[in-house]
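# Observations on the three-dimensional arrangement
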Amino acid sequence: MMNDWAGLPATYGDVLRRAMDSLFRTFENFSEGTFIVDAEARVVWINKRYAARFGFSDPEQAIGRDCEEVIPNSLMREVVKTGKPILLDILETGREPLVVTRLPLKDDAGETVGAVGFALFDELKALTPLFSHYSRVQEELIATRQSLAQARRAKYTFGSFVGTSAASLEVKRQARRAAQLESPVLLLGETGTGKELLAHAIHGGSARANWPLVTVNVAAIPDTLLEVEFFGAAPGAYTGADRKGRVGKFELANGGTLFLDEIGDMPLPLQGKLLRVLQDKEFEPLGSNRIVRADVRIIAATSADLPALVAAGRFRADLFYRLNVLTIQAPALRERSSDIEALAYAMLEDLSAQAPGASHFELQDDALRLLCSYGWPGNVRELRNTLERAVVLSDSERIDARALAPFIGPARSGHRPLVSAGSEAHASDATSEAPDVTSSWSEAMAAFEKRFLGDALRANGGRVIETAMQIGMGRATLYKKIAAYGIEV
Ligand SMILES: Nc1ncnc2c1ncn2[C@@H]1O[C@H](COP(=O)(O)OP(=O)(O)O)[C@@H](O)[C@H]1O
Ligand SMILES: [Mg+2]
């Protein structure tokens with residue numbers, strides 16, 4: 001049967017053959033180069049121009065060689081192996097890059113018997129519209145990434161770490177060195193000693209500073225959600241609220257730093273997974289068959305006694321050793337009380353800036369002495385909270401010991417701001433040891449100390465040795481004070 005296309009052969013098979021024939025010829029004519037390999041990816045045919053481009057004056061010289069030997073970076077072997085085409089790709093050559101198409105050649109049974117490659121355009125000129133679109137999209141992507149990274153950038157720098165005591169200077173020295181290196185960092189120290197601040201400063205001072213700093217607070221996330229939080233999940237991978245799937249923090253931090261806060265709280269099974277990711281540098285999000293490569297630097301922090309957790313079998317020794325490379329111990333505030341003044345002033349300046357109006361808070365000498373005599377179990381964070389409360393509730397911008405004393409120590413319910421009208425009415429309740437407006441500094445101090453020690457002892461179930469350790473006071477001193485104040489244990 002003839003169809004309307006005059007001159008075309010009648011049968012389907014003929015049309016197909018004709019189409020294939022002209023397709024090949026067209027490609028061959030327009031391409032910079034054409035070549036064919038066999039099932040072993042050896043060159044069986046190459047056109048003159050293409051052979052010449054790769055240094056073979058006679059195409060015959062290229063025949064029988066491995067494709068990569070003739071065309072460095074050739075991916076024809078992959079096409080032969082997978083049987084799948086690579087429709088559009090860019091081949092880097094010693095000279096200009098080439099746009100290439102690679103197609104498998106199949107026999108009648110569908111077996112791959114070789115592959116044919118066309119280098120379609122020289123110097124990518126013909127693809128200019130496509131490429132300008134591509135580079136615009138690429139630029140937008142980079143801009144978006146940068147603004148995201150900006151949001152995830154380090155909040156603090158080394159300059160934010162206030163303190164000139166020997167202990168502080170040593171910590172800053174170690175942290176600066178850690179910023180120059182790539183190994184994991186382990187930050188140890190009580191709560192509120194500035195571990196998170198240091199993590200930000202280390203990231204900000206490192207070569208990764210322009211990539212994200214991503215934080216996971218292990219203690220704040222329920223165990224069951226931690227794995228997804230870390231590694232992400234494919235859509236529908238689990239029957240949680242997040243049907244859409246989720247990008248894990250590891251992937252978000254790619255190129256940058258992952259800060260694992262309170263790592264001592266990490267459940268054992270997840271510790272094993274984390275260790276594997278640190279070793280393999282890749283992982284699979286939950287329920288996906290996708291392998292994600294993770295170029296992430298780890299900074300871990302904990303206020304727990306990690307070696308003790310290892311000894312108790314609650315923290316994997318192998319993970320501990322992996323993390324324990326650059327270890328920095330953030331000193332407790334009571335071990336560097338010479339920094340308290342500078343810290344207090346830095347914080348007051350900060351708080352003044354936040355307060356309405358042009359406030360300028362100042363500490364009287366007695367207030368400063370009071371700050372230095374306290375043990376600060378909550379460290380710098382507690383110091384900051386104390387000053388914040390004092391600033392908010394104080395009537396005057398000049399804060400003295402009397403104004404400060406009620407805010408030092410554990411916050412308690414029924415705790416009243418000083419100098420409020422009718423405060424005497426509470427004189428016999430639980431806060432009765434709180435200093436009275438009419439008391440002297442030493443009386444206020446004594447009242448404060450008695451209350452503080454009583455609270456600390458109660459918090460430790462009356463155990464003197466533990467209390468002494470917690471508040472950083474000698475055991476013998478504590479016994480003496482308990483007796484002197486008549487504190488009931
Ligand atoms: N050396 C320091 N200089 C200034 N501020 C500090 C310092 N150390 C801690 N801080 C502040 O104290 C608070 C607690 O610090 P953070 O880094 O969260 O402690 P951690 O992570 O050890 O519990 C934060 O507001 C932080 O900015
Ligand atoms: Mg913290």
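Residues numbered from 1 in each chain as written. Chains lettered and ligands numbered in written order. Predicted model: local features only at pLDDT ≥ 70, side-chain atom pairs only at ≥ 80, totals over all residues. Heavy atoms only, no water.

## Concerning the nonpolar core
Selection rule: Residues belong to a common nonpolar core when they are buried Ala, Val, Leu, Ile, Met, Phe, Trp, Tyr or Cys residues joined through side-chain atoms within 4.5 Å. Exposure categories follow from relative accessible area, calculated using a 1.4 Å probe and restricted to protein chains: below 20% of the type maximum is buried, above 50% is exposed, and the middle band is partly exposed. Starting at the N terminus, helices and strands are each numbered in turn, a helix being any DSSP run of H or I of at least four residues and a strand any DSSP run of E of at least two. Here the limits of each domain have been adopted from an automatic or database domain assignment.
Membership of the largest hydrophobic core comes to 40 residues, with the highest contact counts inside it found for Leu363, Leu370, Leu371, Leu383, Leu387 and Leu404. Listed by contribution, the elements that provide at least two residues to this core are α13 (340-354), α14 (365-373), α15 (379-393), α16 (401-404), α17 (441-459), α18 (464-471) and α19 (475-485). When residues of this core are assigned to domains, at least three map to each of domain 3 (332-434) and domain 4 (436-489). Core analysis: the next-biggest nonpolar cluster, separate from the first, contains 33 residues, Phe250, Leu260, Leu275 and Ile298 among them.

## Concerning the side chain of Arg336
Stated formally: Should any heavy atoms of two residues lie within 4.5 Å, those residues are counted as being in contact.
Residue position: Arg336 is located in the loop between β14 (326-329) and α13. Taking the relative accessible area as the measure of exposure, Arg336 reaches 3% and is therefore buried. Apart from the residues lying within four places of it in its own chain, the contact partners of Arg336 are Phe161, Val162, Ser165, Ser168, Thr193, Pro331, Leu343 and Val380.

## Regarding the pattern of salt bridges
Side chains that differ in charge, positive against negative, can pair when their charged atoms come close. Condition: Take a side-chain nitrogen of Lys or Arg and a carboxyl oxygen of Asp or Glu: if they are within 4 Å of each other, that pair is a salt bridge.
Taken as a whole and assessed by the stated rule, the structure comprises 22 salt bridges. Notably, a salt bridge pairs Arg42 with Asp38, separated by 3.4 Å at the nearest N-O pair. With relative accessibility at 35%, the residue Arg42 sits in the partly exposed group. In this structure, Asp318 engages Arg316 in a salt bridge whose closest nitrogen and oxygen atoms are separated by 2.8 Å. Each of Asp66, Glu68 and Arg77 takes part in one network of salt bridges that share partners.

## As for the confidence of the model for the protein
Rules: Per residue, pLDDT measures the predictor's confidence, with a range of 0 to 100.
Chain-level pLDDT for the protein is 84 on average; 87% of the residues reach the 70-or-more range. By mean pLDDT, the top-scoring element of the protein is strand β6 (residues 185-188) (98), and the lowest-scoring one is helix α5 (residues 128-151) (72). Here residues 412-436 is a poorly scored stretch, pLDDT under 50, and it has 32 contacts once near neighbours within four places are set aside; other chains count.

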